[in-house]
Amino acid sequence: SSDLVHSKDIQFGKWAFSATKWAESTEGWQIINGILIGINMDSFYSSGISRAECLVIPENIRVIATDAMNSDVFDWSEVKEIVLPGKLEIISEDAFKEFTNLEKINFPTSLKVIGSGAFYNCASLKEVNLPDGLVSIGGIAFYNTAIDEIVVPSSVIEMSDTAFPWECRIKR
């Protein structure tokens, strides 16, 4: 037996390390060792990023933590597209939930996991291309979106029955 605890068994509060030497803040992004843990709302509002149509996530991000993209910042935004970093591997639970104006997202080929509710209630989201190499799609990951047809790559070995809207045609 191993004394190691697997990362899926550990949960930290959203701001657990935000005021420590491990956290860096770059133009409003709260990042710890390649993990996007949140955003600074004041920075986003003052910089105008919350009003941009295209949101570009910094390139040094490998993991987007649970609820990292606080929907309170983006409820009234014009964000229609999100550009994800090329080395992104994990989009955690509820990461982009309720981005109501989001229409399009392209996933990098490095992406392995899309967590439960990651794009839940992104009601305008209709353009999604899942990459080969993706392994897992959690429950209600794309529920209540405008996706009517999706091609799921053969690399996906774990996918919830509720990952996509009921009316969505799923192709393998």
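See the structure above.
Residues numbered from 1 in each chain as written. Predicted model: local features only at pLDDT ≥ 70, side-chain atom pairs only at ≥ 80, totals over all residues. Heavy atoms only, no water.

**What about the side chain of Thr145?**
Note on placement: Thr145 falls in the loop between strand E11 (136-137) and strand E12 (149-151). Not counting residues up to four positions away in its chain, the partners in contact with Thr145 are Phe119, Cys122, Ala123, Leu125 and Pro165. (Helix = DSSP H or I, 4+ residues; strand = E, 2+ residues; numbered from the N terminus. Contact = heavy atoms within 4.5 Å.)

**Details of the packing of aromatic side chains**
Under the definition given, this model contains 6 aromatic pairs. With a centroid separation of 5.1 Å and 0° between ring planes, the pair formed by Phe142 and Phe164 is classed as stacked. Here Phe164 lies in the loop between strand E13 (158-159) and strand E14 (169-171) and Phe142 lies in the loop between E11 and E12, a separation of 22 residues in the sequence. Taken together, the ring pairs in this structure connect Phe96, Phe99, Phe107, Phe119, Phe142 and Phe164 into an aromatic cluster. (Phe/Tyr/Trp six-rings, centres within 6.5 Å; stacked < 30°, edge-to-face > 60°.)

**So, the nonpolar core**
Phe96, Phe107, Phe119, Leu130 and Phe142 are the most contacted members of the largest nonpolar core, which has 43 residues in total. Secondary structure elements with two or more residues in this core: strand E2 (29-32) and strand E3 (35-39). Apart from the residues lying within four places of it in its own chain, the contact partners of Phe96 are Ile57, Ile64, Met69, Ile82, Leu84, Ile91, Ala118, Phe119 and Cys122. (Core = buried A, V, L, I, M, F, W, Y, C linked by side-chain atoms within 4.5 Å. Buried < 20%, exposed > 50% of the residue type's maximum accessible area, 1.4 Å probe, protein only.)

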